Each structure stands twice: as structure tokens, then as C-alpha cells.
Amino acid sequence: MLERLKDIQNKFVDVEKSLSDPAQISNPQRLQELSKLHAELSPIVSAYKDYQQLESAIEETQALLDEETDSDMLELAQEELNELNNQQEDLIESLKMLLVPKDPNDEKNVIIEIRAGTGGEEASLFAAEIFRMYTRFAERQNWKVEMLSANATGLKGFKEAIFSIEGKSAYSLLKYEGGIHRVQRIPTTETSGRIHTSAVTVAVLPEAEEVDLQIDEATELRIDTYRSSGPGGQSVNTTDSAIRITHLPTGLVVTQQDEKSQHKNRSKAMKILRARLHELKQAELDSERAETRRSMVGSGDRSEKIRTYNFPQSRVTDHRIKYTSHQLDSVLDGDLDSFIERLTTADQAEKLKHEGN
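The text that follows walks through the structure, step by step, so that each part is easy to find. (Residues numbered from 1 in each chain as written. Predicted model: local features only at pLDDT ≥ 70, side-chain atom pairs only at ≥ 80, totals over all residues. Heavy atoms only, no water.)

**Description of the overall build of the protein chain**
Inclusion rule: Runs of E in the DSSP output that reach at least two residues are strands. Runs of H or I that reach at least four are helices, and both are numbered from the N terminus. Accessibility here uses a 1.4 Å probe with only protein chains present; expressed as a share of the type maximum, an area under 20% marks a residue as buried, one over 50% as exposed, and anything in between as partly exposed. In what follows, a contact means two residues having at least one pair of non-hydrogen atoms within 4.5 Å. Calculation of accessible area relied on Shrake-Rupley with a 1.4 Å probe; when residues are assessed, cover is drawn exclusively from the protein chains displayed.
On a plain count of helices and strands, the protein chain comes out with ten helices and eleven strands. Taking all 357 residues of the protein chain together, the buried fraction comes to 39%. Look at the contacts in the protein chain between residues 6 or more apart in sequence, and 62% of them connect residues 24 or more apart. Accessible surface, the protein chain: about 20,000 Å² in total, of which carbon and sulfur atoms supply 48%.

**Concerning the nonpolar core**
Defined as follows: Take the buried residues of types Ala, Val, Leu, Ile, Met, Phe, Trp, Tyr and Cys, join any two whose side-chain atoms come within 4.5 Å, and each joined set is a nonpolar core.
By size, the foremost hydrophobic cluster in this structure holds 37 residues, and its most contacted members are Ile112, Ile114, Tyr134, Ile165, Leu174 and Tyr309. Those elements that provide at least two residues to this core are strand S1 (110-116), helix H5 (120-140), strand S3 (158-166), helix H6 (170-174), strand S5 (196-206), helix H9 (328-332) and helix H10 (337-356). The biggest single contributor to this core is H5, with nine residues. When near neighbours in sequence (up to four residues on either side) are disregarded, isoleucine 112 contacts Tyr134, Ala161, Ile162, Phe163, Ile165, Leu174, Val202, Ala203 and Val204. Residues Ile8, Ile44, Ala47 and Ile58 belong to the second largest nonpolar core, which totals 18 residues.

**Points about the packing of aromatic side chains**
What counts is decided by this rule: Centre distance within 6.5 Å is the pairing criterion for rings of Phe, Tyr and Trp, where only the six-membered ring of Trp is used; planes under 30 degrees apart are then read as stacked, over 60 as edge-to-face, and the remainder as tilted. A ring is considered to have a charge above it if a Lys NZ or an Arg CZ atom is located within 6 Å of its centre and within 35 degrees of its normal.
Enumeration over the complete set of coordinates arrives at six aromatic pairs. Between phenylalanine 137 and tryptophan 143, the aromatic rings sit 5.7 Å apart at their centres with planes inclined by 80 degrees, giving edge-to-face as the arrangement. We classify phenylalanine 137 as buried; its relative accessible area is 0%. For tryptophan 143, a relative accessible area of 11% gives the class buried. Grouping aromatic residues by their ring pairs yields a cluster made of Phe131, Phe158 and Phe163. Above the ring of phenylalanine 339, the side-chain terminus of arginine 307 is found at 4.9 Å from the ring centroid. Sitting over the face of the ring of tyrosine 323, arginine 342 holds its NZ or CZ atom 4.0 Å from the ring centroid.

**Observations concerning helix H1 (residues 2-19)**
Going by this rule: To estimate the expected span of a helix, count its residues, drop one, and scale the result by 1.5 Å.
The end-to-end C-alpha distance of H1, which contains 18 residues, comes to 26 Å, matching closely the 26 Å that a straight helix rising 1.5 Å per residue would cover. Listed in full, the buried residues belonging to H1 are Leu5, Ile8, Gln9, Phe12, Val15 and Ser18. As for H1, its buried residues are in contact with helix H2 (22-25), helix H3 (28-67) and helix H4 (71-99).

**Remarks on the sheet that holds strand S8 (residues 252-256)**
This is how the line gets drawn: One bridge is not enough; two strands pair if DSSP finds at least two bridges between them. Geometry is summarised by axes, namely lines fitted to C-alpha atoms with helices restricted to the contacting stretch, and by angles between N-to-C directions that run from 0 to 180 degrees.
The strand order across the open sheet formed by three strands is S6-S7-S8, and the pairing between neighbours is antiparallel. The two strands at the open ends of the sheet, each matched to only one other strand, are strand S6 (221-226) and S8. For this sheet the average axis-to-axis angle between neighbouring strands, irrespective of direction, equals 15 degrees. Where strand S7 (residues 242-247) lies against S8, five bridges are found, and the strand directions are antiparallel. Across the sheet, residue arginine 244 finds its bridge partner in S8, namely threonine 255.

**Examining the sheet that holds strand S4 (residues 179-185)**
Ordered by their spatial adjacency, eight strands build an open sheet running S2-S3-S1-S5-S4-S9-S10-S11, and the pairing between neighbours is mixed. Either end of the sheet is taken by a strand with one partner, and the two such strands are strand S2 (144-152) and strand S11 (323-325). The sheet shows a mean angle of 20 degrees between the axes of neighbouring strands, taken without regard to direction. The pairing of S1 with S3 spans six bridges and is classified as antiparallel. Directly across from isoleucine 111, in S3, lies its bridge partner serine 164.

**Section: the pairing of S4**
Where burial is concerned, most of S4 is hidden: five out of the seven residues are buried. As paired elements, S4 and strand S9 (residues 305-310) share five bridges and run parallel to each other. Paired with isoleucine 180 across the bridge in S9 is lysine 305.

Here it is as C-alpha cells:
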């Protein structure tokens, strides 16, 4: 670890030199890359300097212990050495966490896809509640939410809702939400008072930018236009404003008809397509890297049951980290902090364990 830290420190010095080089400053793209790298390395280098200072202090205190004969001074020196050793242990753990590879998608915006699963209309109603939960969480973070596509039901539920969330580190906080969310409650349509179990699937995709994914629209895409159908008034059916985009190499298809403008529908469809292609590419990379390792936090696969919302007992349980909150109403109102903090900690611990193997 110390050799790695020395290499990082040397790299940091080189980056600082480059940032003061007029030739580098005149290149905006290079300057942005160097500034980003400087920001990433800075906390590691700072912690490493603290470690070096502690190491020197420990050596000096140990030398004093070896030379001192006065019992009172020996006791004081031993207490100081114990305190310094404890500080060093804590700092080593912090340095290990800083050296865990960062998820390259953490700073990205997200696209969330919510779909009603088993449970019919009750699942659709719960899908709408999950959608509200994430929009309320976004409001608490002062993030921007944009609905990209929605398939609503007559009872104000959602068969499907696709929306983007734009904000600082959105993906890093929401990436653990992907999977099956299960609800247990007595539906309003149930006359016998029996508890039903329904499910909703959630996919959290990092929003892909053009720099992440190059698409040759001329050769890789087939774009069809057609007339919109469903709610929206007569005007939506008078023009071919709906868009269907097929990515020919993968067969992925995205349709969009929520907007009356063909241009807006095309823009939203491309945003969804890029995110899905990015997820597909990431999944391929992950499967290449991972042999059979499964994280404590789960793989994020949509087939996993990750969380249960039990209304009769007012509790929410995350099955990946065995954590239960008895504040169901608060959680559905967007208070997800306790879950996110524990999931992040568990994920970091698992990565740290994997790094050490």
C-alpha cells in the first residue's frame, strides 16, 4: 500500500507541474482532465502526508521511550505512543478506503425505469408510489426530475415510468435502488381484508453522454415515425410525432410518444437508448471482470428482491444488508438516507475486502 501511495504522490506532483505549464493551460480539454485528476488525487495525498507525519511522531516517541529513565516521563511517553498508534490505525483504514477504485459513473445523472410487476393494478399503484418516493428524494437533494416516458393506468398508477434525475453525484446515491421492490398490504379493492404481495422492478442507469458512447446514427439506427395513440387529445393523432428508434447492432428498441413534437420525442428516446446501451456495455465489462463474486450489496440485477415494504407493520426491510426501518411513511416520502448510507458502507467494505484478496 505504501508503495502505491508513493506512486500517487509522485503522480500528484507531476499533475501540479502540468497545471502550471502554459502549454497545458491553453488546451481546455487537457486542462479539464488535469483538474479532475488533481481533485481525485488531492485527498489521498493529503491523508498520506498525515500518515508520514504520524510515522515520524511515532518514531520520535519510541526513541524517547528507549532513552528515558524517569518513570513519570516513561508513562507519559507510553500514553502518547498508544494514542499515536491508534491514530495511525484509523488513518490506515481511511487510506485503504481512499484507494478503493471509484465507480466511474458515480458523478453521472441517472435514468430510472420503474415497471409494475406481479400484482396487477395494485402493482401499478405501488409503482406510482415508488416514483413519488424517488422524486421526493430528488427534491430533498435539490435535483431536477424530468419525466421521459409514462404509461399510466386509470387509477393513477403506472404500468411503466421512465424519468431522468439530474444532480450532483445522483448515480452514486441511487445506484443501489435497482432490483425488485416488493409491497405487502391490503389493497383498497380487497373486500376480504387479505394482505396481498405485489412487486415493482426498478432499473437505475447512469445517463450516458456522447463522450461515453459513440453511435453512428447513419448505420446503426433505424428511426421510424408514426402517429401517437392513447391519451393526449386529438392533436397528438394528427401528425407522425411518435418515434421508434431501433439500435440495429443490439436489437434494442425505444419508443417515445409523450410529446407532441417529433424533435422532443426523438431527443428523449435517444437519451433512454444511450443509457440502456451504456448499461449493456457496462454489464459486459462487469461479467468479464467478475468470476463468481457476488457483492454483499447484490449485483443490481433486476431479478433480485432487494426490499420489502410492509404496510400492516409499517416497516421497510432491505434484504441485502438485513436492515429494517419502521418509518414506512417517511421512507415513501423520500427519506432514503439511512438505507443509502448503509448500502454505501456495505459496498465499500466488500470492495475493500476484494482489494485485499
